[in-house]
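Structural features, examined
Here is how the chains run, residue by residue.
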Amino acid sequence: MNTGGYNFAYLDEQTKRMLRRTILKAVAIPGYQVPFGDREMPMPHGWGTGGIQVTAAIIGPDDVLKVIDQGADDTTNAVSIRKFFAKTAGVATTTRTEDATIVQTRHRIPEKPLHEGQILVYQVPIPEPLRWLEPRETETRKMHALSEYGIMHVRLYEDIATHGRIATSYDYPVQVNDRYMMRPSPIPKFDNPKMDMNPALQLFGAGREKRIYAVPPYTKVKSLDFDDYPFEVQSWDQSCALCGAGDSFLDEIITSDRGDRMFVCSDSDYCQDRQAARSKEAAE
Amino acid sequence: MYVSVKGGEKAIEAAHALLAEERRGDPAVPELGLDQIAEQLSLGVARVMSEGALYDRELAALAIKQARGDLVEAIFLLRAYRTTLPRLATSLPVDTDRMAVRRRISATFKDIPGGQVLGPTFDYTHRLLDFDLAQPSAQGDAARPSGEPAPARPLPSVARILGEEGLLEREVPGDDAAPVADLTRAPLSFPAERDARLQALARGDEGFLLALGYSTQRGYGRNHPFAGEIRMGDVTVEIQPDDLPFTVEIGDIEVTECQMVNSFKGSKTKPAQFTRGYGLTFGHGERKAMAMALVDRALRCRELGEEAVGPAQDEEFVLYHCDSLEASGFVQHLKLPHYVDFQSELVMVREMRKAAAEAAPKAEAAE
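Residues numbered from 1 in each chain as written. Chains lettered and ligands numbered in written order. Predicted model: local features only at pLDDT ≥ 70, side-chain atom pairs only at ≥ 80, totals over all residues. Heavy atoms only, no water.

1. Quick word on the side chain of His284 of chain B
Residue and element names in this part refer to chain B. For His284, the position within the fold is in the loop between strand E4 (275–282) and helix H9 (286–298). Looking at His284, the relative accessible area reads 16%, which means it is buried. Here the side chain of His284 touches Glu286 through a polar contact of 2.7 Å, side chain to side chain. Here His284 is in contact with Leu43, Ala46, Arg103, Pro120, Met232, Glu254 and Thr256, once residues within four sequence places are set aside. (Helix = DSSP H or I, 4+ residues; strand = E, 2+ residues; numbered from the N terminus. Buried < 20%, exposed > 50% of the residue type's maximum accessible area, 1.4 Å probe, protein only. Polar contact = N/O pair within 3.5 Å; in protein donor to acceptor, adjacent residues only side chain to side chain. Contact = heavy atoms within 4.5 Å.)

This is how it looks when you write it as C-alpha cells:
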C-alpha cells in the first residue's frame, strides 16, 4: 500500500501541538477531562483512536514503543497499532515492559512495575465515570465542577444492599488527588491499585468522546469504597498454567467442548519472562 | 497443551489479501473504473462527499470502490484522508440565489418567479424495475437526450419572497469576519451554536437524520413543516485572499438546498410568523437535505421558546449520535477482545452465585 507523504507519526505538527497543549492541561489538573479537537484517524473509533492520538503527539524518534491489548502484545489490534507506529514513525518497538518508554494499552496495566520516565497511554471508550448514572454531558460537567459525587456512592451502596458487595469488577471508579472522580478506562479492578502513586505518567485518550485526562507520576488514586466494605481486587484459586504465577491477572482459556479450562497470565510479557526464568533454573 | 495465540500479524495480512480478492470479485468481470462510479453511481458519490465532508468526485468514487460499495465505510475513508489536508482558506458564504439551477421546486406556492423546475428526480417515476437497463444500451451514448441547459439567470428563493412580507422570520446575517465553528478542529460544547449544529448535521448520517426528521412528523416534536423550496444546481465558491482587494472564484460545486418553512404560532416574545429549518448537501441529496432541515428546525426549540419533548429536539442526543464514523466505530468495537473485562465479570458472577448457593440451604434450614 502506498502511504507516502504523511508526517512523522502520521499527525501534522499543528495537530500535535493542539494535543500537547491538551495533555499539559490534563497533567496540570489530574483526573479532569480536557476536551480536544479529535481527528479522524485511519482506524475506526473504538479501536483506540484516542490513545493513538496521544501516542502520536508524544512519541519521538528515540522512543521505544510497546502496545498491548488485554495485557498481551500479540492480540490483533495491538499488532496493528504497533505496526502503524513502526510504519509512520519508524520507532523501535518492544514487547518488554521495562524497555519501553511509551506503553499504549487497552484494558490492562502491565504486571511489572513501571518506572520513572515511562508513559502509560490508555485507550478509553467512555471517559465519564458518571455516564451510566447521568447521560448528559452538560450535567456531568456540572457535577464534576461541584465535586457532586454522591450519586456514585449511592450506586455503590445500592450494590451492597442488593448483592451484599460492590458488583463492579472492571472500570471501577477512582478519585484522583482527592478531587476528580475518574474512570480508569475499563481495566479490571485488579489493576486499580497500580495506578496509585505510580512513578510513570499515565495519559488517557478518548477519541470518539474527544477527551484527554491524566494522572501525573506519584499521584494519589483511590478506588471508591466504604469503611465497612473496603475495596478489594479479584483473586483466583489457580495459578498461571504456563508460568505458575499466583500474583497476576489470569485469563480463562476453554480447552475442550467438555468445559475443560485453564488459566494463564493475561500479561504475555510477564508470563514469558517467568517461563524463561523457570526453564533457565531447570537447566542449571 | 495450550499454546497462546500467535501470528496476529500474519493473520491480519491474510485478511487484507482476502479482502482485496473479495473486492475485485470474479476477475472475468471487467473492473470498475472511477469514472464509471462517478458518472453512474453519482448519488452514492454525492452522499460520500457530503458526509465525508470533502468535495471531490474522483476521491469519493475511489473510496466507494475500495469500500466495496459500503457507503459508510467509504465516508470513513474520505474523512480519514480529509483530516490530513491543510486548510488553505475559508470560503465566503455561497450564494444559492445565484445557483445555476437544475432542479427547483416549492411545495408552498403553485407558481413562483422562475417557475417550478422538475429536473432529474425520482419523484414521479413508477418504481418498476426497468429490465432494459439490465443490458447496456444498444444505442450507446447517442441515445442520451441532451437535456435543457441550466438557466443562467438567478432565481430568487421562495424564502426571500416570503421574507419581504415579514411573514418568514428574518435570516439574521452572521458576521462574515467572525470565525466559523469547525467541529474538526474544536470539540462540540453545549449549548451548540447553529453553525456548529449545521456542520454536525451536514456530516451526519443520512439514515439517522431521516428517522429523526420522520419522528418529528409523527408528533415527537412536531414543527409543522412545508417544503418552502428545494433547489439543486451549481454554485460558485469564492475566497477572499488576505492580501488582495478582490475575491477569487475557486470553482463550482453542485449542492442541494432545502429551505423548510414551518408554521409558528408565536410566543410571548415573538408574534406569529413562519420559521425556518435549513438543509444543505453536496451533490444531489434531497432526502438528506430535507431531513436535515427538519432536524435543524427541531433543534431550534430552545431559541424559539418551545418545550423539547421529542428526541429530535434534544441537542445532546442528536449531535452526539449523528456521526456515522463514531456510531459505526463504537458499535463495531464490540468485536475487539474484551477477555479481561469478561473474565472480571466471570469471577464476580461465580462468587455471587456461590454466595447465593451457600446462603440458600441455610435460609431453608432456618425456616
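Let's pick the thread back up.
2. Notes on the pairing of E4 of chain B
Residue and element names in this part refer to chain B. E4 sits mainly inside the fold: six of its eight residues count as buried. With eight bridges connecting them, strand E3 (residues 248–262) and E4 associate as antiparallel partners. Within E4, the position partnered with Glu257 by the bridge is Leu280. (Pairing = 2+ DSSP bridges.)

3. Here's the deal with the packing of aromatic side chains
All names here are of chain A. One pass over the structure, following the stated rule, counts 13 aromatic pairs over all chains. Both rings, one in Tyr172 and one in Phe231, keep their centres 4.8 Å apart while their planes meet at 70 degrees; by these two values the pair is edge-to-face. Separated by 59 residues along the polypeptide, Tyr172 in the loop between helix H5 (150–163) and strand E6 (174–176) and Phe231 in the loop between strand E10 (221–223) and strand E11 (250–254) bring together distant segments of the chain. Arranged with centres 4.8 Å apart and planes meeting at 80 degrees, the rings of Trp236 and Phe249 form a pair that is edge-to-face. Of this pair, Trp236 sits in the loop between E10 and E11 while Phe249 sits in the loop between E10 and E11, and the two are 13 residues apart along the sequence. With respect to class, Trp236 is no different from Phe249; both count as buried. Each residue in the set Tyr6, Tyr10, Phe84 and Phe85 is aromatic and connected to the rest through ring pairs, giving one cluster. Positioned over the ring face of Tyr180 is Arg179, at 4.1 Å from the centre of the ring. Above the plane of the ring of Trp132 lies Arg183, whose end atom (NZ or CZ) is 4.7 Å from the centre. (Phe/Tyr/Trp six-rings, centres within 6.5 Å; stacked < 30°, edge-to-face > 60°. Lys NZ or Arg CZ within 6 Å of the ring centre and 35° of its normal.)

4. With respect to H9 of chain B
Residue and element names in this part refer to chain B. In a regular helix each residue adds 1.5 Å, so 13 residues correspond to 18 Å; H9 covers 18 Å between its end C-alpha atoms and thus fits that length. Counted residue by residue, H9 has eleven buried out of 13 residues, so it is predominantly covered. Within H9, burial applies to Glu286, Lys288, Ala289, Ala291, Met292, Ala293, Leu294, Val295, Asp296, Arg297 and Ala298. (Expected span 1.5 Å × (residues − 1).)

5. Side note on the sheet that holds strand E7 (residues 180–182) of chain A
All names here are of chain A. Pairing is antiparallel across the open sheet formed by three strands, whose spatial order is E7-E6-E10. Each edge of the open sheet carries a strand with a single partner, namely E7 and E10. Averaged over all neighbouring strand pairs, the angle between strand axes comes to 30 degrees, with direction disregarded. The sheet contact formed by E6 and E10 spans three bridges and is antiparallel. Paired with Gln175 across the two strands is Lys222, which belongs to E10. (Axes fitted to C-alpha atoms, helices over the stretch in contact; angles between N-to-C directions.)

6. Comments concerning the sheet that holds strand E4 (residues 102–106) of chain A
All names here are of chain A. The seven strands are arranged E1-E9-E8-E5-E4-E2-E3 in an open sheet whose pairing can be described as mixed. Two strands close off the open sheet at either side, each with one partner strand: strand E1 (34–35) and strand E3 (92–93). Sheet topology places E1 next to strand E9 (residues 211–215); two bridges connect them, and they run antiparallel. Bridged to Val34 within E9 is Ile212.

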